[in-house]
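Each chain, letter by letter, is given below.
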Amino acid sequence: QVQLVESGGGLVQAGGSLRLSCAASGRTWSSYAMGWFRQAPGKEREFVAAINRSGGNTKYADSVKGRFTISRDNGKNTVYLQMNSLKPEDTAVYYCAADKRITIATMTRTAEYDYWGQGTQVTVSS
């Protein structure tokens, strides 16, 4: 069982930066691939970024490539999402997710993740 708690959301002006953190419980957390997803009002939850167990492989949605960076610190049981050059369209609730079975081929798929955090709001003003 893994519990995930996100933090770091807030209100920022367009062009600004935020760093989201997701703290995980569980002694085998390093066995889990991790993902960040987001959901804007009236829209479906969408993939943002993912990282494999070792941190050696990452994937990004086209909309955030070059602006967002996902990383993990297995010693701190934490995954990060550094968000730069934020745009109003990045406004959403951001969720982190974890799963043991995720592969590089499946890490963009919402339905593949078993564990989810409660979400943190990111609002980007124009």
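Use the structure listed above.
To start, this report covers the structure provided alongside it.

**Here's the deal with the nonpolar core**
1) Next: Among the nonpolar cores identified, the biggest contains 36 residues, and Met-34, Trp-36, Leu-81, Met-83 and Tyr-94 are the most heavily contacted of them.
2) Next: Elements with a minimum of two residues in this core: β3 (18–24), β4 (33–39), β5 (46–51), β7 (68–73), β8 (78–83), β9 (92–99) and β11 (120–125).

**Describing the state of the cysteines**
1) Next: Under the defined criterion, the tally for this structure stands at 1 disulfide.
2) Next: The side chain of Cys-22 participates in a disulfide bridge whose partner is Cys-96; the two sulfur atoms lie 2.0 Å from each other. The sign of the 50° torsion about the S-S bond sets the Cys-22-Cys-96 disulfide as right-handed. Pair noted here: Cys-22 is in strand β3 and Cys-96 is in strand β9, with a separation of 74 residues, a long-range link. One exposure class covers both Cys-22 and Cys-96, and it is buried.

**Here's the deal with the packing of aromatic side chains**
1) Next: In total, this model carries 5 aromatic pairs according to the counting rule given.
2) Next: Judged by centre distance (6.0 Å) and plane angle (70°), the rings of Tyr-32 and Tyr-115 are edge-to-face. Of this pair, Tyr-32 sits in the loop between β3 and β4 while Tyr-115 sits in strand β10 (residues 115–116), placing them 83 residues apart in sequence.
3) Next: Centre to centre, the rings of Phe-37 and Tyr-113 are 5.2 Å apart; their planes meet at 75°, and the pair counts as edge-to-face.

**Digging into the side chain of Arg-38**
1) Next: Inspection of the secondary structure assignment puts Arg-38 in strand β4.
2) Next: The exposure class of Arg-38 is buried, given its relative accessible area of 6%.
3) Next: Polar side-chain contacts of Arg-38 include one of 2.6 Å to the side chain of Glu-46.
4) Next: Of note is the side chain of Arg-38, whose polar atom sits 3.5 Å from the side chain of Ser-63.
5) Next: Apart from the residues within four sequence positions on either side, Arg-38 is in contact with Glu-44, Arg-45, Glu-46, Val-48, Ser-63, Val-64, Phe-68, Glu-89, Asp-90, Ala-92, Val-93 and Tyr-94.

Conventions and cut-offs
- Residues numbered from 1 in each chain as written.
- Predicted model: local features only at pLDDT ≥ 70, side-chain atom pairs only at ≥ 80, totals over all residues.
- Heavy atoms only, no water.
- Core = buried A, V, L, I, M, F, W, Y, C linked by side-chain atoms within 4.5 Å.
- Buried < 20%, exposed > 50% of the residue type's maximum accessible area, 1.4 Å probe, protein only.
- Helix = DSSP H or I, 4+ residues; strand = E, 2+ residues; numbered from the N terminus.
- Disulfide = S-S within 2.5 Å.
- Phe/Tyr/Trp six-rings, centres within 6.5 Å; stacked < 30°, edge-to-face > 60°.
- Polar contact = N/O pair within 3.5 Å; in protein donor to acceptor, adjacent residues only side chain to side chain.
- Contact = heavy atoms within 4.5 Å.

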